[in-house]
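Single-letter residue listing:
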Amino acid sequence: METEPGTSRPRKRSGATRGPAPPSPGVRMRNAGGGERAARRAALEDADTGEEPEFQVQRRPPGLLAGLASAEQPSRRGRIMADETQEAGGIHFPFPFTPYAIQKDFMAALYQVLEAGKIGIFESPTGTGKSLSLICGALSWLRDFEQKKRQEEERLLGAGAPASHNGLAPALGLPSSCQGSPGTPGATGEPDWITQFVQKKEERDLVDRLKEEQVRRKKREERLQQIRHNAKLRFAAKRMRQEDEETERLLRLSSEMLATGTEPEQVASGEEELVLAEYESDEEKGVPSGVDVDEDDLDEEHVTKNLCVNGDVRKLGSVQLINDRCVEMQRSKHERKSITEEEEPTRRRRRQEPRATCPFYSYERLQLLRDEVLAGVKDVEQLVALGEEAQACPYYGGRFAIPAAQLVVLPYQMLLHAPTRQAAGIRLQGQVVVIDEAHNLIDTITNIHSVEVRGSQLCQAHSQLLQYTERYGKRLKAKNLMYIKQLLYLLEKFVAVLGGNIKQNPNTQSLSQAGTELKTINDFLFQSKIDNINLFKVQRYCEKSKISRKLLGFTERYGAVLVPSMEQPKLSGFQDFLQSLQPGVMAAPAAPVEVGEDRSPRPASPLMHVEGFLEALTTANQDGRVILSRQGSLSQSSLKFLLLNPAVHFAQVVKESRAVVIAGGTMQPVSDFREQLLAGAGVEAERVVEFSCGHVIPPDHILPLIICSGPSNQMLDFTYQKRGLPQMMDETGRILCNLCNVVPGGVVCFFPSYEYQHQVCAHWEKSGLLARLTIRKKIFQEPRKANRVEQVLLEYSRCIKHCGQARGTETGALLLSVVGGKMSEGINFSDDLGRCVVMVGMPYPNIMSPELQEKMAYLDQTLPRGPGQARPGKVLVENLCMKAVNQSIGRAIRHQKDFASIVLLDQRYASPAIQAKLPAWIRDRVEVKATFGPAFAALRKFHREKAGLC
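Residues numbered from 1 in each chain as written. Predicted model: local features only at pLDDT ≥ 70, side-chain atom pairs only at ≥ 80, totals over all residues. Heavy atoms only, no water.

(A) Quick look at the nonpolar core. Membership of the largest hydrophobic core comes to 59 residues, with the highest contact counts inside it found for I435, L441, F650, I662, F673 and L678. When residues of this core are assigned to their parent elements, the largest contribution, five residues, is made by helix α11 (residues 380–390). Core analysis: the next-biggest nonpolar cluster, separate from the first, contains 48 residues, V453, V538, L628 and L634 among them. (Core = buried A, V, L, I, M, F, W, Y, C linked by side-chain atoms within 4.5 Å. Buried < 20%, exposed > 50% of the residue type's maximum accessible area, 1.4 Å probe, protein only. Helix = DSSP H or I, 4+ residues; strand = E, 2+ residues; numbered from the N terminus.)

This is how it looks when you write it as structure tokens:
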């Protein structure tokens, strides 16, 4: 329930003629990557009203998520930026330093896209300040939009005339009848006097709403000012909590004295939250199909463990147990409010003991915490400290601040996955979405909605559901038991379609057939004999009942701590059975783990994976495929859903948002975004705007070369069939030896895969080439484990710095990396860390992969093919390859004075079609060298001339 800003009174819902005006557009910017810390939302203060737009920003992980101060109440940093405004295209942009010319063009083009409400595809090379340009340009548009909106409001309130400014009428809540020109005949054919009467009434209602909005805005601004300058308000929450605690204590004592009687079947203390509540379907509630009106469910979604300040709940340790306990406490609070006087005596007799409510979930204190969050930019640690000080939940305090914020930071998964987005309270209607680092946007959407469930997980889920039913079957309502039986049936059929038996151990079951089988969704449902089950209802039940979370809490309670007793004879061997299904997983400690101790993360509930698979099966038949992978034993076999059309999930983002900006440093080839994502989402070609700029470095600071043959005239052909030949690996080693003799500092060499990198290094060690390389450069290899990457990079950097100071025979270091690995994205090899980047071969994906083959076939069937053009499936493979290449070779140039050479080792790069997929700032300077001699001479000359710039 919403309240009026600055008060605790309920806010009236906007109706047909009354209520607050719709929010004006905000901006959401986000970046690739995720992680728990990257998912935190930082709310920006609201200078206008509680119904103000959101401005969501995502930055590259693991960057700190912080908002930007409001234009009307700038922070100290904001005032510094405001003093250094830059003008581009007649628009003033705040910027912390003098921008490059391409940054001015970037911001001006971004401003126009947001103003026109279009879809923008922006490309700015890495190292050109793209993210800063996005933020400054978007915030400048938001500032101007808010100013125009207020001016239009003042004009309306002063003159009582309808709004006429282009794009402002919908934001002000102006009816369609008021947006036309005066004297326009009514489209319905009504008499003029009726049309005029309706129009004047709508105008009066609009003026009334604007007046109410101004009052709310004034109250909120005054309250935020008081919070900024009056520390006494910070202690108001503590006083409220003391009063609430005293009231709660008295109510608890009263309840304990009046509680009588026991239930037919008692459960252990703390076990109440594991029992499923009574389920009521949408049909029983009378909810129209496809309409989700359970906004209160948002209050029962996941709570982040690091944001919980309730010590009793944090002691549970497990994230799932914390979530379940948090939800149960909220439900207890809601149930207490909904009990009528007539129901109270009956409930007292029925309840075994009163369930506690969370003392930190107080609406009044959460309002105070929300205002404190909006008063200034806060990071996660500061948010937790504020919550502890105000005795209010930081998670829900931040959630309550989202509607009033102009800037919210979130990762890909939260924005692109509709259920997660809705659970977090993110509303895209009328907002602006800016996606930074979007070069892997299509793959991200595909991976989010592609689900794989193993045979061992199916058996685990089935066993856990059976144990759960045996434990709580008498306490469950008929509706719950019906859906649980359907889930058990589905799990049994999923195992059967793989060729296994649900009643046997999956690790010991050998399958008679092995191999991979690909089916359409409908064919899979028929083959599994589950086409008679309504998967939409089952999926909805899993979502609303949260059965997987209950099951995980049950498993952790009885799978980790075994206390044999007369009351639990059926659970005595539960842990041993679960451990037999998970080879290599050690038994959990019997003693509870205290908060603060190191503990390994618990595996997710197997039923959660099954729920994701069930949701995927509700996708349209033509947009996905099911892959049956049978690999010897049942535990190693799996069912996988492959999403073929990512546009179906991106369409909602495009449809609801005012404007969408997709930005990245290596967006080429752009055709993938146009054809696979935007066209499939129903975006007209006229609405799409492309912007691409060059690099900030001078043209002579980069030397891109395509070398077709090596020093011994061996043709460089690194196809999968030929790259393992000894002569090819020897030629690669000789080329690197020559490069290391003339390139100072660091050389970064990318291989197509880890396996090929190790194969080449092993061959070099036998042939002696590795020893020759170490004379000039110390060799480092990219580790497979992510926790060792930072250590390798640190040693690599120290070696280059030491060699630059010692000036001995060793001139730097050679880093052997892998395309698509840990060092091909997000790592900056600036200055001496990367004076030369070498790309060995072309990193094509595995063409024999069933997933890729099906994707190629799907594009061949759905995308148009012009005369003389290659098949869309073949183009997809080339684009995947060149995206990986572009992302890797852009690691070396990071600022205006940087310089580097780029060497592409493969004759296939000489093809004009392949060169066309390179970034423009590299493509315009690339040189094709048929032999190695001229290429080596050009490299030696380039680095000798640039030696004075170091």
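Further notes follow.
(B) Structural view of the packing of aromatic side chains. Per the stated rule, a full pass over the model turns up 21 aromatic pairs. Both rings, one in F751 and one in Y756, keep their centres 6.0 Å apart while their planes meet at 65°; by these two values the pair is edge-to-face. Each residue in the set F106, F122 and F691 is aromatic and connected to the rest through ring pairs, giving one cluster. Here R723 stacks its cationic end above the ring of Y756, 4.9 Å away from the centre of that ring. (Phe/Tyr/Trp six-rings, centres within 6.5 Å; stacked < 30°, edge-to-face > 60°. Lys NZ or Arg CZ within 6 Å of the ring centre and 35° of its normal.)

(C) The arrangement of the side chain of S888 in detail. You can see S888 is positioned in helix α30 (residues 872–889). When its relative accessible area of 0% is taken as the criterion, S888 is described as buried. A distance of 3.0 Å separates a polar atom in the side chain of S888 from the backbone oxygen of A884. (Polar contact = N/O pair within 3.5 Å; in protein donor to acceptor, adjacent residues only side chain to side chain.)

(D) Focus on helix α29 (residues 850–862). The end-to-end C-alpha distance of α29, which contains 13 residues, comes to 18 Å, matching closely the 18 Å that a straight helix rising 1.5 Å per residue would cover. Taken residue by residue, α29 has L852, E854, K855, M856, Y858 and L859 as its buried positions. Along its buried surface, α29 packs onto β7 (515–520), β8 (624–631), β9 (633–643), α24 (671–679) and α30. (Expected span 1.5 Å × (residues − 1). Contact = heavy atoms within 4.5 Å.)

(E) Main features of unusual backbone geometry. Even without a glycine there, the phi angle at K546 is positive, about 55°. Looking at where K546 falls in the secondary structure, it is placed in the loop between α19 (535–545) and α20 (547–560). The residue N713 is not glycine, and still its phi comes out positive at about 65°. Tracing the chain through its elements places N713 in the loop between β12 (702–707) and α25 (726–742).

(F) Main features of the state of the cysteines. Within the structure shown, the criterion is met by zero disulfides. C308 carries a free sulfur, and the closest cysteine sulfur to it, the one in C393, is 6.6 Å from it. (Disulfide = S-S within 2.5 Å.)

(G) Representation of the pairing of strand β16 (residues 836–840). Along β16, five of the five residues are buried, which leaves the element largely enclosed by surrounding structure. Burial of β16 is two-sided: the residues C836, V838 and V840 facing one way and the residues V837 and M839 facing the other way are all buried. Looking at chain direction, strand β13 (residues 745–751) and β16 are connected through four bridges and run parallel. Each bridged residue has a counterpart across the sheet, and for V747 the counterpart in β16 is C836. Relative to strand β17 (residues 900–905), β16 runs parallel, the two sharing five bridges. Bridging across to β17, M839 finds its partner in L904. (Pairing = 2+ DSSP bridges.)

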